[in-house]
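What follows is each chain in one-letter form.
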Amino acid sequence: MTERYINPHTDFGFKRLFGSEFNKELLISFLNALFRGEQDVKDVTYLNSEQLGDRADARRAIFDVYCENQKGEKFIVEMQNVYQEFFKDRTIYYSTFPIREQAQRGGNWDFHLSSVYTIGLLNFNFAEGLEEAQHWHHEVKLMEVDTKKVFYDKLTYIYVEIPKFDKTEDQLVTMYDKWMFVLKNLSVLMERPAALQERVFTRLFEQAEVSKFNAQDRMLYEDSVNAYRDIINAINTAKKDSFAEGRAEGIEFKTVEIARKMLQRGMAVEEVAELMDMTVQEIKKIL
């Protein structure tokens, strides 16, 4: 390992910084920055990140981070490294779980719902309607088409395109700027930037320093980095093969290769299926 600080794009890195009770002040700070004054999150409670369907054979969902604030509003936060054809569909599907779990049994429930926020941190430039967008932050709500006004404000999807963030250290003004700089650059930094002097970043850089990991965490992190690199390298190779050969089979073949490598790294079948947008049955055929 050559980097000084953890890579937040890896599964282990992201969950260490944002998915643990021990470091929840990092998540609180990030959420408040992300909502730019529209939220005042004082505390979060982590919820079960594995969501089961209504039936035994229904597809489940595994969130990177799932929590609620002091008002009972639900937040799903996902780090997504690889573009998937139906990624928008996936985020809509994910949002149904915190909606349905609010249903109360009995005849007295009046269908009142708390707000649900689904946040996708994307390590790629999003497509499907956002190809031409120059900004990196996209907030989506249900809208009444004629008036162009928000019809329902309790269901929000936020997509953050990390590669489009191009501010340098001397251009960082808001806390959101600073968090975006961290998300994009943390693993290539050799020291804490002077612009990140807030107390929360003291905590972040302490927790992100790889040399301070115990032996078990270091091993888990190295495995996570290797899995991340395998995915990125295989996807890049698949793209090159696809362009060179002029056919889609190259991508399909490489998808199987990626899934096989993930299984060889010891990842669970269900987790590989979730990451690769495949069914458990399809993954088992690879074994």
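Here's what I pulled together on the structure shown here.

Conventions we followed
- In this convention, every chain numbers its residues from 1, walking through the sequence in written order.
- For a predicted model such as this one, the threshold for reporting local features is a pLDDT of at least 70, and the threshold for listing and counting side-chain atom pairs is 80 or more; totals across whole chains, interfaces and linings nevertheless cover every residue.
- The side-chain figures draw on all heavy atoms in the structure; neither hydrogens nor water molecules are used.
- Remark: exposure states derive from per-residue accessible area (1.4 Å probe, protein chains only) relative to the maximum for the residue type, with buried under 20%, exposed over 50%, and partly exposed in between.
- Note on conventions: DSSP H or I runs of at least 4 residues are helices, E runs of at least 2 residues are strands, and numbering of each starts at the N terminus.
- Pairing between strands requires that DSSP locate at least two bridges from one strand to the other.
- In protein, a polar contact requires one atom able to donate a hydrogen and another able to accept it; more generally it is a pair of N or O atoms within 3.5 Å, and residues adjacent in sequence count only if both atoms are side-chain atoms.
- Contact definition: two residues touch when any of their heavy atoms are within 4.5 Å.
- For salt bridges, the criterion is a side-chain nitrogen of Lys or Arg within 4 Å of an Asp or Glu carboxyl oxygen.
- When the centres of two rings from Phe, Tyr and Trp lie within 6.5 Å, Trp using its six-membered ring, the rings pair. Their planes under 30 degrees apart give stacked, over 60 give edge-to-face, and anything left gives tilted.
- Placement of a charge over a ring requires the Lys NZ or Arg CZ to be within 6 Å of the ring centre, with the centre-to-atom vector within 35 degrees of the ring normal.
- Working convention: axes come from line fits to C-alpha atoms, limited for helices to the stretch in contact. Angles between N-to-C directions cover 0 to 180 degrees.
- Roughly parallel means an angle under 35 degrees; roughly antiparallel means over 145; roughly perpendicular covers 65 to 115; every other angle is labelled oblique.
- Each helix crossing is assigned a hand: it is left-handed if the near helix lies turned anticlockwise from the far helix by less than a right angle, otherwise right-handed if that turn is clockwise.
- Only Asp, Glu, Lys and Arg are considered charged, only Ala, Val, Leu, Ile, Met, Phe, Trp, Tyr, Cys and Pro nonpolar, and every remaining residue, Gly among them, polar.

Some points on the pairing of strand E5 (residues 74-80)
Part 1 of the reasoning: For E5, a buried count of seven out of seven residues is recorded, marking the element as mostly surrounded by other parts of the structure.
Part 2 of the reasoning: Alignment of strand E4 (residues 65-69) against E5, held across four bridges, turns out to be antiparallel. Residue pairing for E5: Glu 68 is matched across the bridge by Lys 74.
Part 3 of the reasoning: A loop of four residues connects E4 with E5, the two strands running antiparallel in sequence, and Gly 72 in this loop sits at a positive phi of about 85°.

Structural notes on the side chain of His 9
Part 1 of the reasoning: Inspection of the secondary structure puts His 9 in the segment before helix H1 (11-18).
Part 2 of the reasoning: Among the polar contacts made by the side chain of His 9, one reaches the main-chain carbonyl oxygen of Leu 183 at a distance of 2.8 Å.
Part 3 of the reasoning: Here His 9 is in contact with Met 79, Asn 81, Asn 123, Ile 162, Leu 183, Lys 184 and Tyr 228, once residues within four sequence places are set aside.

A look at the pattern of salt bridges
Part 1 of the reasoning: Evaluated as defined, the whole model comprises 18 salt bridges.
Part 2 of the reasoning: Arg 203 is paired through a salt bridge with Glu 25; the nearest N and O atoms lie 3.9 Å apart. Linking Arg 203 in helix H5 (residues 199-208) with Glu 25 in helix H2 (residues 24-34), this pair joins segments that are 178 residues apart in sequence.
Part 3 of the reasoning: Under the relative-accessibility criterion, Glu 25 is labelled partly exposed at 26%.
Part 4 of the reasoning: Connected through salt bridges with shared partners, the residues Arg 4, Glu 209 and Lys 212 form a single ionic network.

Considerations on the environment of Tyr 159
Part 1 of the reasoning: Following the sequence through the fold, Tyr 159 ends up in strand E8 (residues 149-161).
Part 2 of the reasoning: Counting along the chain gives 37 residues from Tyr 159 to Leu 122, while the straight-line C-alpha distance between them is 7.0 Å.
Part 3 of the reasoning: Those residues in contact with Tyr 159 that lie beyond four places of it in its chain are Phe 87, Lys 88, Thr 91, Gly 120, Leu 122, Phe 126, Trp 136, His 137, His 138 and Val 140.
Part 4 of the reasoning: Polar side-chain contacts of Tyr 159 include one of 2.9 Å to the side chain of Thr 91.

Here we look at the environment of Gly 72
Part 1 of the reasoning: Following the sequence through the fold, Gly 72 ends up in the loop between E4 and E5.
Part 2 of the reasoning: Its relative accessible area of 18% is what places Gly 72 among the buried residues.
Part 3 of the reasoning: Separated by 44 residues in sequence, Gly 72 and Val 116 have C-alpha atoms that sit 9.4 Å apart.

A few points about unusual backbone geometry
Part 1 of the reasoning: Positive phi outside glycine occurs at Phe 111, with the angle close to 75°.
Part 2 of the reasoning: Note that Phe 111 resides in the loop between helix H3 (87-100) and strand E6 (116-122).
Part 3 of the reasoning: Its identity as a non-glycine residue notwithstanding, Lys 148 has a phi of 60°, on the positive side.
Part 4 of the reasoning: Mapping Lys 148 onto the fold places it in the loop between strand E7 (137-144) and E8.

Let's talk about the packing of aromatic side chains
In this description, a pair of aromatic rings is defined by centroid distance and the angle of the planes.
Part 1 of the reasoning: Per the counting criterion, the structure on display carries 21 aromatic pairs.
Part 2 of the reasoning: Geometrically, the ring pair formed by Phe 12 and Tyr 221 is tilted, given 6.0 Å between the ring centres and 45° between the ring planes. Of the two residues, Phe 12 is situated in helix H1 and Tyr 221 in helix H6 (residues 215-245); the sequence distance between them amounts to 209 residues. You'll find Phe 12 and Tyr 221 in the same group, each marked buried.
Part 3 of the reasoning: Residues Trp 136 and Tyr 176 carry aromatic rings whose centres are separated by 4.9 Å and whose planes lie at 70° to one another, so their mutual orientation is edge-to-face. With Trp 136 in the loop between E6 and E7 and Tyr 176 in helix H4 (residues 175-185), the pair connects residues that are 40 residues apart, well separated along the chain.
Part 4 of the reasoning: An aromatic cluster is built from Phe 14, Phe 18, Phe 30, Trp 179 and Phe 201, whose rings are joined through pairwise contacts.
Part 5 of the reasoning: One cation-aromatic arrangement involves Arg 100 over Phe 97; the distance from NZ or CZ to the ring centre is 4.9 Å.
Part 6 of the reasoning: Here Arg 203 stacks its cationic end above the ring of Phe 22, 4.2 Å away from the centre of that ring.

A closer look at the packing of H2 against H5
Part 1 of the reasoning: Two numbers describe how H2 lies on H5: the axes approach to 10 Å, and their chain directions differ by 130°. When the interaxial angle is binned, H2 and H5 end up oblique. By crossing handedness, the relation of H2 to H5 is classed as left-handed. For the pair formed by H2 and H5, the contact residues are Glu 25, Leu 26 and Ser 29 on the first element and Arg 199, Val 200, Arg 203 and Leu 204 on the second.
Part 2 of the reasoning: A class-by-class count of the residues in the contact of H2 with H5 yields three nonpolar, one polar and three charged.

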